[in-house]
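Structure at a glance
Given next are the chains, with one letter for each unit.
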Amino acid sequence: MKYVAELVLDAGCRPGAFSARRLTRLARRIEEAGYDAIAVNDHLAPSRKWYEAGGHDAYEPFGLMAFLAAVTERVRLMTFAVVVPHRNPFALAKSVATTDALSDGRLDLGVAVGYLRSEFLALGADFDERNELFDEALAVLRGAWTAGSVSARGRHFDGLDQVLAPAPVQLPHPPLWIAGNSARARRRAAAWGQGWAPLSIDDLGARTIRSVSIPTVDDLRRAARTLRADTVVAGRDPAEVGLWATTSDSAAAGRDGLDARAHLEHLVELADLGASHFTATFHLDDTDGAERAIDGYAEHVLAAAGLPR
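Definitions and limits used
Residues numbered from 1 in each chain as written. Predicted model: local features only at pLDDT ≥ 70, side-chain atom pairs only at ≥ 80, totals over all residues. Heavy atoms only, no water. Phe/Tyr/Trp six-rings, centres within 6.5 Å; stacked < 30°, edge-to-face > 60°. Helix = DSSP H or I, 4+ residues; strand = E, 2+ residues; numbered from the N terminus. Buried < 20%, exposed > 50% of the residue type's maximum accessible area, 1.4 Å probe, protein only. Lys NZ or Arg CZ within 6 Å of the ring centre and 35° of its normal. Salt bridge = Lys/Arg side-chain N within 4 Å of Asp/Glu carboxyl O.

Focus: the packing of aromatic side chains
In total, this model carries nine aromatic pairs according to the counting rule given. Geometrically, the ring pair formed by Tyr 35 and Phe 282 is edge-to-face, given 6.0 Å between the ring centres and 90° between the ring planes. Here Tyr 35 is found in the loop between helix H1 (20-33) and strand E2 (37-40), whereas its partner Phe 282 is found in strand E12 (residues 277-284), with 247 residues between them in sequence. We classify Tyr 35 as buried; its relative accessible area is 0%. When the centroid spacing of 6.4 Å and the interplanar angle of 75° are considered together, the rings of Phe 282 and Tyr 297 count as edge-to-face. Taken as a pair, Phe 282 in strand E12 and Tyr 297 in helix H12 (residues 289-302) lie far apart in primary sequence, 15 residues in all. Neither residue differs from the other here; Phe 282 and Tyr 297 are each classed as buried. In this structure an aromatic cluster arises from ring pairing among Tyr 35, Phe 282 and Tyr 297. Sitting above the plane of the Phe 127 ring, Arg 130 keeps its charged end 3.9 Å from the centroid. Between Arg 142 and the ring centre of Trp 192, over which it is positioned, the NZ or CZ distance is 4.4 Å.

Structure (structure tokens):
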């Protein structure tokens, strides 16, 4: 199991809570404590309504990951997840290649179709076309990273022998994690992704993000079996496709009072069903709580799981 420290910027906290100095300190603590990766979010233009319903702040993810790459050496950098239809695919390919090159090949790209209609409107992207925009963009990305130049025509772009250079360090392309609970997202992961990144959420959470509920570990286990079957149908080895699990315990990881014994049992269940990665979520608020939580999780969970500290 790989352990991913997700950094969430709480809405409305003072700018110093996620200043360059503090982010440097947190990133280095995460790396030194033995976490495998740092994950960052993507919200370019969320609405106030979303904030008031529990949303959060976010830096532009590629700028943030380039910064984190400069202050760390080993830990991988993951997006959770870039909303692909918000961006021109050639511009996105360039951002990804640049970040991967400047991090010496440490980028993992989590991608999603998105769910906030107001954000699509603000960015001039068509919400109702988001699945089609996602698929055509990913085809451009994979081609641009491997061929050196690519010609492709989409709904809102027309590329004729466009060149992408410098290329990513990781070829044929950086690892692609397909986020989302839908059967469509799962089949995309099975067909050409590095892995699938579903959220273990109830019906209310699923309605919020316009997706499918996966409320329990048993539900996630059934979904994992279906992922393996989809992978075989796609002509791939199921061992090639990871499962990045984010559950209710992900949020608990960053809070005081985590029951480490029960949490370790939960991780054993996840590993048993085939999860390759687990998200531990840490909120950057106005206090030092994130630092304490990062250290505490490393001491009580990572050390017990046998990871170096």
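As for the pattern of salt bridges
Counted under the stated rule, the structure contains 14 salt bridges. Salt-bridge contacts for Arg 22 lead to Glu 291; the nearest nitrogen and oxygen are separated by 2.8 Å. Here the residue Arg 22 occupies a position in helix H1, and Glu 291 occupies one in helix H12, the gap between them amounting to 269 residues. Each member of the pair Arg 22 and Glu 291 is classed as buried. Look at the salt bridges and you will find they share partners, linking Arg 22, Arg 25 and Glu 291 into a network.

Treat this as a map of the structure, not an account of what it does.
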